[in-house]
Amino acid sequence: MTIYEALQQSAHDAGAKVVEDDALPDGTDGLVVCHGRRKTIIVRKGLSAAARKCILAHEIAHLSTGTGDMRAMSALAIVKQEQRAIALTIGSLLPAKRLASVLNVCNGNPQIAAEELGVTEDLVECAIKYYRRKGVWGIG
Ligand SMILES: [Zn+2]
């Protein structure tokens, strides 16, 4: 089972259907749509394998951070919910030890690390900042 297939399974286990579609707002590659208690995760069609994996993991994270109507939320609540989703995505795709060992082998190059780990370079850079900020890794 690929990581993407495993993610699809965990979305399913959380009660969400996963579809790929290109009918998403500009600048949005993934979205959770709720119809009553049923949820659908839409992942933009045509993304790279790395991007679709990161997007799906991120949207699955949103299933547990809450999928309420953002129009009814304060800006701060939206930012906090987004930060929680990013932290969960990093925890699921880039555990600190695994990322550290890959970065060690590729001299800290995030692009090579992303290729090796099958995720986007954006997520690797985000994870590096996250672990430093959390004090998981020393500065350097
Ligand atoms: Zn998000």
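Overview of the structure. (Residues numbered from 1 in each chain as written. Predicted model: local features only at pLDDT ≥ 70, side-chain atom pairs only at ≥ 80, totals over all residues.)

Let's talk about unusual backbone geometry
So, step 1. Here the phi dihedral of N107 falls at roughly 55 degrees; this positive angle occurs in a residue that is not glycine.
So, step 2. On the secondary structure map, N107 appears in the loop between α4 (96–105) and α5 (110–117).
So, step 3. Since 8 C-beta atoms lie within 10 Å of it, N107 is described here as exposed. (Helix = DSSP H or I, 4+ residues; strand = E, 2+ residues; numbered from the N terminus. Buried ≥ 20, exposed ≤ 12 C-beta atoms within 10 Å, placed from the backbone.)

A word on helix α6 (residues 121–133)
So, step 1. In this model α6 runs 18 Å from its N-terminal to its C-terminal C-alpha over 13 residues, within 8% of the 18 Å that 1.5 Å per residue would give.
So, step 2. Taken together, the buried positions of α6 are occupied by L123, V124, A127 and Y130. Across the axial projection of α6, the buried residues extend over an arc of 125 degrees, all falling on one side. Pointing more than 90 degrees away from the buried face of α6 are the exposed residues K129 and R133.
So, step 3. At its buried positions, α6 is contacted by α2 (49–65), α3 (75–93), α4 and α5.
So, step 4. Positive phi shows up at G135, right after α6, with a value of about 80 degrees. (Expected span 1.5 Å × (residues − 1). Arc of directions from axis to C-beta. Contact = placed C-beta atoms within 7 Å.)

The analysis is restricted to geometry; functional conclusions fall outside its scope.
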